[in-house]
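Structural features, examined
Single-letter residue listing:
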Amino acid sequence: MNLIVAVDSNWAIGNKGKLLVSIPNDQKNNFRARTVGNVIVLGRKTMDTFPQRRPLPNRTNMILSHNPEYTVKDAIVLHSLEELLEELKNYPSESVYVTGGDSIYRQLLPYCDTAYVTMIDHVYEADAYFPNLDQDSAWTMTEESDEMTYFDIPYYFRTYQRVQGSC
């Protein structure tokens, strides 16, 4: 299973329920390019940030919510981690992308073996964080793009792989 995330220099991912910054190249050439035609796994709070609170098109949207009443048209809503993991058995692991938010990342990180991280070389005010993979011996960075910029903010696309035998 994969995960995809954009983080700042402190591994922050959001503030007050919103992304820290929206970088069009990241959204189009990284997030969209990787997830279209695949499965995305997200939490209810992340779903609530989508335009009109609608699932992203051309993907299988799986939403984890502990509320048994919660439903979303054109999405699969699951109500426990066990239920989600059982449903994911119906899809090739390499086609599954965990897309947030912070509690979903933390719950599913142990099941992921590849992390696609957009590293934004800036510090934002934040209240949601992703685990720092550079400080986690279970992960190693295997690829980093050249520096790109969005206005005056440098960023990089990084790929991390889980170290074999670290589960």
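Only a predicted model underlies this, so the values are computations on that prediction, with no experimental measurement involved. (Residues numbered from 1 in each chain as written. Predicted model: local features only at pLDDT ≥ 70, side-chain atom pairs only at ≥ 80, totals over all residues. Heavy atoms only, no water.)

Points about the sheet that holds strand β9 (residues 128–129)
Strand order in the open sheet formed by three strands is β3-β2-β9, with antiparallel pairing between adjacent strands. One side of each edge strand has no neighbouring strand; the edge strands of this open sheet are β3 (18–19) and β9. Note: strand β2 (residues 12–15) against β9, two bridges, orientation antiparallel. Paired with A12 across the bridge in β9 is Y129. (Pairing = 2+ DSSP bridges. Helix = DSSP H or I, 4+ residues; strand = E, 2+ residues; numbered from the N terminus.)

Overview of the pattern of salt bridges
Summed over the entire model, instances satisfying the criterion amount to six salt bridges. As a salt-bridge pair, R44 and D48 come within 2.8 Å of each other at their nearest N and O atoms. Classification of R44 as partly exposed rests on a relative accessible area of 31%. Overall, the relative accessible area of 25% leaves D48 in the partly exposed class. The network of salt bridges with common partners includes D134, E144 and R158. (Salt bridge = Lys/Arg side-chain N within 4 Å of Asp/Glu carboxyl O. Buried < 20%, exposed > 50% of the residue type's maximum accessible area, 1.4 Å probe, protein only.)

Considerations on unusual backbone geometry
Following G100, the chain continues to G101 via a peptide bond in cis, the omega torsion being 0 degrees. Tracing the backbone through its elements, the reader meets G101 in the loop between β7 (96–100) and α4 (102–108). Unlike most non-glycine residues, R53 shows phi in positive territory, near 55 degrees. If you trace the backbone, R53 turns up in the loop between α2 (44–47) and β5 (60–64). The backbone phi angle of D74 is positive, close to 65 degrees, even though this residue is not glycine. Residue placement: D74 occurs in the loop between β5 and β6 (76–78).

As for empty space enclosed by the protein
Taken as a whole and assessed by the stated rule, the structure comprises one cavity of 30 Å³ or more. A6, V7, I13, L19, L20, V21 and I120 together form the lining of the largest cavity. Counted by class, the lining of the largest cavity contains seven nonpolar, no polar and no charged residues. (1 Å grid on protein atoms, 1.4 Å probe; cavity = no way out; pocket = protein on both sides within 12 Å on 5 of 7 lines; lining within 4 Å. Points joined across faces, edges and corners; volume = space filled by probe spheres on them. Nonpolar A, V, L, I, M, F, W, Y, C, P; charged D, E, K, R; others polar.)

Quick notes on the layout of surface pockets
In this structure, the largest pocket spans a volume of roughly 1,200 Å³. If you go around the largest pocket, you meet 45 residues; those closest to its centre are L19, T46, T49, F50 and T99. Elements that contribute at least two residues to the lining of the largest pocket include exactly β1 (2–7), β2, β3, α1 (24–35), α2, β7, α4 and β8 (114–120).

So, the nonpolar core
General note: in soluble globular proteins, nonpolar side chains tend to be found buried as a group. Within the largest apolar cluster, 30 residues are counted, with the highest numbers of intra-cluster contacts made by L3, V41, L84, F130 and L133. The set of elements that each furnish at least two residues to this core consists of β1, β4 (39–43), β5, α3 (81–88), β7, α4 and β8. (Core = buried A, V, L, I, M, F, W, Y, C linked by side-chain atoms within 4.5 Å.)

Let's talk about the side chain of R59
Mapped onto the secondary structure, R59 falls in the loop between α2 and β5. Comment: no salt bridge for buried R59; closest opposite-charge side chain is D26, at 11 Å. A polar contact is formed between the side chain of R59 and the side chain of T35, at a distance of 2.8 Å. (Lys, Arg positive; Asp, Glu negative; His and termini not counted. Polar contact = N/O pair within 3.5 Å; in protein donor to acceptor, adjacent residues only side chain to side chain.)

What about the pairing of β4?
In terms of burial, β4 is largely enclosed, as five of its five residues are buried. Looking at chain direction, β4 and β5 are connected through five bridges and run parallel. Within β5, the residue paired with L42 across the bridge is I63. Direction of pairing for β4 relative to β7: parallel, over a ladder of four bridges. Following the sheet pairing, V41 is matched in β7 by V98.

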